[in-house]
Amino acid sequence: MNSIVLIFGVFLGGAILTYLAHKLSNILSSAFFVLTIFTATVLFYLKVETGDVFSFSLNGLHLEWGITSFSWIFSLIVLGLGTMAAVYSISFMKGKERLGYYYFNFILGIFSMMGILLSRDLVSFFIFWEIMTWSSYMIVVYEGRSVQKIGIKYILFSAMGAYAMLMAIVIIYSQMQSVMIEDLIYSFSSFSISYQIWLPILLLTGFGVKAAMMPLHVWAPGAYSHAPMAYTSVFSGALSKMGVYGMVLVFSTLISQLPEHTIIREVVAWLGGITAVMGTLWAITQDDAKKLLAYSSVAQLGYIITGVAIGTELAMLSAIFLSVLHALFKGTLFMVVGAIEKQTGTTNLTEVTGLIRKMPWTFIAALMSIIALAGIPPLGGFVGKWMLYESLIGSDHYILVILIFFASTAGFLYCYKFLFGFFLGQEEKEWDHVKEAPASMVVPMLILSFFSFLLGTFPGLILKPIDQGMQSLGYVPTEGHFWGMSVLFNEWGNAVVLQPILYAIMAVFLFFLVFLTLKGLKGTRYVTTKDISSSGEVPGEFENLSYKQNFFQPFLRAVEPVMKRQIDKYYTGIGNGIEAFFNYVRRVYSGNGQTYAIYVIIFLVILLLFKNNLFG
């Protein structure tokens, strides 16, 4: 049996067995769940090699499944994060209802994402894309009625993206009588100019929805924050990367054939920059850690989209590198929030505090991931952002680099808010009972955070596979070329030259340590949480500006004009208008037989009057 078919069989068989086992025992169901994902992962990396192909025909269409050097990189994200999240789910979901339902859709989600990566034809790609959408939707609405509106918003935007993709596939088949992705790449230059413009736009619409690119992002904050945190780590870390995966394919194989500096690149690059800025600003305003990380995910995807759209070798290298790192640190942070929710019952940053001694291992995982997210060395986020800055400067996008740098710098605010709010505040008696999360939740977090550190210090471990994947898309080798151009890497390109950076950081910390120590010798004055700097503003009498609540109010007042316009309001207005129109049209169906008879007579009269025009 072909290895790819065997792996798909393991996923589907395991999903069914896991669901049925739940009716007998939760323990048995959990065992089948983890075993299914672990077995499929091991089989994939032991049995499937780059270049392996399984081809077959379906209703006259030639379809193929196989792995490429490029899709192999994203398989690391899907299977690596999926395996860690599966182990994490066992303790997180303990005691919850409908475990069989959750496990079944979780497995289908991993199965469908791997199907997307293995698809070498557009029909298989679209089928797996739809399975991914529906399985993730079923988990978004896991909580029932309370999340129905959020689920509807997610499925509506997903349907819009899916119809755009389907329209593109139909056009492609009508032009070349084939659905093979390879044939599309070779035949694209022969398409008419209008098709060369509209096909990428339609495909990017579908991929942009999943990548949460503004203005198609409005589903993401609600879906990320209301799905079970055990799955949200996969939702944000892996499922969103399917949109990135598709966007890379479109830009590197189709748009690359259009004239240089095409407006599509510039528009999407700027949409990515705006996504990064607005996602960051909205993350700062959140007091619930779930929504904070949800908006943060939107912002981080903005960086990636910008790099993909710019499309130079260094920009694409940074985008794919950031995709891997985002899966690691954002997957970890959603797990951290899930652990806190499991142990305390809340994720509100204004309620929970002082957990550093109660949950030390969770704090370590959170700290390392926050450092990576903020782009501080020696964690991997620094490497990816640095390459992105260099690529933007090298491609003469100076205003865009300012926009991205502002988003990255402002991101420090919500990073600090997250870390201080949960762990570094004053210990409260109401949380004395809190203990560290179970080992099956802590270990996956620590493993993922460790890889954030490893890839930050030795980026060549993942940059080399990324380089090979980019070559399969038509890029020139970047190793020894663009790696050498970056001032960040040593001459071999396999490790970051951290000594000068670390010395500078140590010097800054040493200076402030001496300064504050000498100042403290004059006497210590204990103050309340409200007695803090307010950026030259005078707080109102009842305005709380503690670290955890409204601390960034002066900053938010400064950027308020930018945040006033919310695209979600316009979508809501359109939805309300459509609903009102159909409520009016519904009056036509009165239930009265005589009224329906009049409709039939009117219809027949119209046919008689216009029969010559209608039928010739």
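Our structure is the block above this text.
Just so it is clear, the model here is predicted, and its values are computed rather than measured.

Here is what the cut-offs are and how they apply
Residues numbered from 1 in each chain as written. Predicted model: local features only at pLDDT ≥ 70, side-chain atom pairs only at ≥ 80, totals over all residues. Heavy atoms only, no water. Helix = DSSP H or I, 4+ residues; strand = E, 2+ residues; numbered from the N terminus. Buried < 20%, exposed > 50% of the residue type's maximum accessible area, 1.4 Å probe, protein only. Contact = heavy atoms within 4.5 Å. Areas by Shrake-Rupley, 256 points an atom, 1.4 Å probe, with all protein chains shown as cover. Salt bridge = Lys/Arg side-chain N within 4 Å of Asp/Glu carboxyl O. Axes fitted to C-alpha atoms, helices over the stretch in contact; angles between N-to-C directions. Parallel < 35°, antiparallel > 145°, perpendicular 65-115°, else oblique. Left-handed = near helix turned anticlockwise from the far one by under 90°. Nonpolar A, V, L, I, M, F, W, Y, C, P; charged D, E, K, R; others polar. Core = buried A, V, L, I, M, F, W, Y, C linked by side-chain atoms within 4.5 Å. Patch = residues over 30% accessible without salt bridge, like charges linked within 9 Å, V, L, I, M, F, W, Y side chains within 5 Å. Phe/Tyr/Trp six-rings, centres within 6.5 Å; stacked < 30°, edge-to-face > 60°. 1 Å grid on protein atoms, 1.4 Å probe; cavity = no way out; pocket = protein on both sides within 12 Å on 5 of 7 lines; lining within 4 Å. Points joined across faces, edges and corners; volume = space filled by probe spheres on them. Pairing = 2+ DSSP bridges. Polar contact = N/O pair within 3.5 Å; in protein donor to acceptor, adjacent residues only side chain to side chain.

1. Some words on the overall build of the protein chain
Right, on to step 1. From N to C terminus, the protein chain includes 24 helices and 2 strands.
Right, on to step 2. Residues classed as buried in the protein chain amount to 52% of the 616 residues present.
Right, on to step 3. Across the protein chain, every contact between residues at least 6 apart in sequence was considered, and the portion connecting residues at least 24 apart equals 78%.
Right, on to step 4. Total accessible area computed for the protein chain in this model is approximately 28,300 Å², and 66% of it derives from carbon and sulfur atoms.

2. Some words on the pattern of salt bridges
Right, on to step 1. Applying the stated rule across the entire model yields 2 salt bridges.
Right, on to step 2. Between D287 and K417 there is a salt bridge; the shortest N-O distance is 3.2 Å. Highlighted residues: D287 in the loop between α11 (263–285) and α12 (289–310) and K417 in helix α16 (residues 398–424), separated in sequence by 130 residues.
Right, on to step 3. A salt bridge links K290 to E341, with the shortest nitrogen-to-oxygen separation between them at 2.8 Å. Taken together, the residues span a long stretch of sequence, with K290 in helix α12 and E341 in helix α13 (residues 313–344) at a distance of 51 residues.

3. Some remarks on the packing of helix α4 (residues 99–118) against helix α10 (residues 229–254)
Right, on to step 1. The geometry of α4 relative to α10 is characterised by a closest axis approach of 11 Å and an angle of 20° between their N-to-C directions. For the element pair α4 / α10, the angle class is roughly parallel. You can see that α4 and α10 cross each other, and the crossing is left-handed. Contacts from Y102, F106, G109, I110, M113, I116 and L117 of α4 reach α10 at A230, Y231, V234, A238, L239, M242 and Y245.
Right, on to step 2. Here the residues of the contact of α4 with α10 are counted per class, giving 13 nonpolar, 1 polar and no charged.

4. Focus on the nonpolar core
Right, on to step 1. In terms of nonpolar packing, the biggest core is built from 193 residues, with F106, W219, F235, M247 and F418 touching the most fellow members.
Right, on to step 2. The dominant element in this core, judged by the number of residues it contributes, is α13, at 20 residues.
Right, on to step 3. Leave out the neighbours within four places in its chain, and M247 touches L204, F207, A211, M213, V268, I305 and V308.

5. Let's talk about unusual backbone geometry
Right, on to step 1. A cis amide bond, omega 5°, links M214 with the succeeding residue P215.
Right, on to step 2. Mapping P215 onto the fold places it in the loop between α8 (193–210) and α9 (220–226).
Right, on to step 3. Here the phi dihedral of Q177 falls at roughly 55°; this positive angle occurs in a residue that is not glycine.
Right, on to step 4. Position of Q177 among the secondary structure elements: in the loop between α6 (148–176) and α7 (181–187).
Right, on to step 5. Positive phi, normally seen in glycine, also occurs at A212, with a value near 55°.

6. As for a nonpolar patch on the surface
Right, on to step 1. A cluster of nonpolar side chains, contributed by I598, Y599, I601, I602, V605, I606, L609 and F610, occupies part of the molecular surface with about 760 Å² of accessible area.
Right, on to step 2. Note on placement: Y599 falls in helix α23 (residues 593–609).

7. Digging into the packing of aromatic side chains
How two aromatic rings sit relative to each other is given by the distance of their centres and the angle of their planes.
Right, on to step 1. Inspection of every chain in the model, using the stated rule, returns 43 aromatic pairs.
Right, on to step 2. Centroid distance Y102 to F106: 5.9 Å. Interplanar angle 55°. Geometry classified as tilted. Pair noted here: Y102 and F106 are both in helix α4, with a separation of 4 residues, about one helical turn.
Right, on to step 3. Within the aromatic cluster, the residues linked to one another by ring pairs are F33, Y101, Y102, Y103, F106, Y142, Y154, W219, Y224, Y231, F235 and F334.

8. Comments concerning the side chain of S233
Right, on to step 1. Its place among the elements puts S233 in helix α10.
Right, on to step 2. The residues touching S233, leaving out its near neighbours within four places in the chain, are L81, A85, A238, G331, F334 and M335.

9. Points about empty space enclosed by the protein
Right, on to step 1. Counted by the stated rule, this structure contains 1 cavity of 30 Å³ or more.
Right, on to step 2. Its boundaries defined by the atoms lining it, the largest cavity holds a volume of some 170 Å³.
Right, on to step 3. Lining the largest cavity we find 14 residues, and of these L122, I181, L184, L203 and L249 sit closest to its centre.
Right, on to step 4. Breaking the lining of the largest cavity down by element, the ones donating at least two residues are α5 (122–140), α6, α7, α8 and α10.
Right, on to step 5. Looking at which element gives the most residues to the lining of the largest cavity, the answer is α10, with 5 residues.
Right, on to step 6. Considering only residue class, the lining of the largest cavity consists of 12 nonpolar, 2 polar and no charged.

10. Remarks on the pairing of strand β1 (residues 53–58)
Right, on to step 1. Pairing between β1 and strand β2 (residues 61–66): 6 bridges, direction antiparallel. Bridged to V53 within β2 is G66.
Right, on to step 2. Counted along the chain from β1 to the antiparallel partner β2, the turn is 2 residues long, and its residue N59 has a positive phi close to 50°.

11. Remarks on the environment of H226
Right, on to step 1. Within the secondary structure layout, H226 lies in helix α9.
Right, on to step 2. Residue classification places H226 among the partly exposed positions, given a relative accessible area of 29%.
Right, on to step 3. Measuring from C-alpha to C-alpha, the distance between H226 and I139 comes to 9.4 Å, with 87 residues separating the pair along the chain.
Right, on to step 4. Other than its neighbours up to four places away in sequence, H226 contacts V140, E143, V147, I150 and K291.
Right, on to step 5. At 3.0 Å, the side chain of H226 forms a polar contact with the backbone oxygen of G222.
Right, on to step 6. Here S225 takes part through its side chain, which lies 3.2 Å from a polar atom of the side chain of H226.

Any functional reading would require information that these geometric values do not contain.
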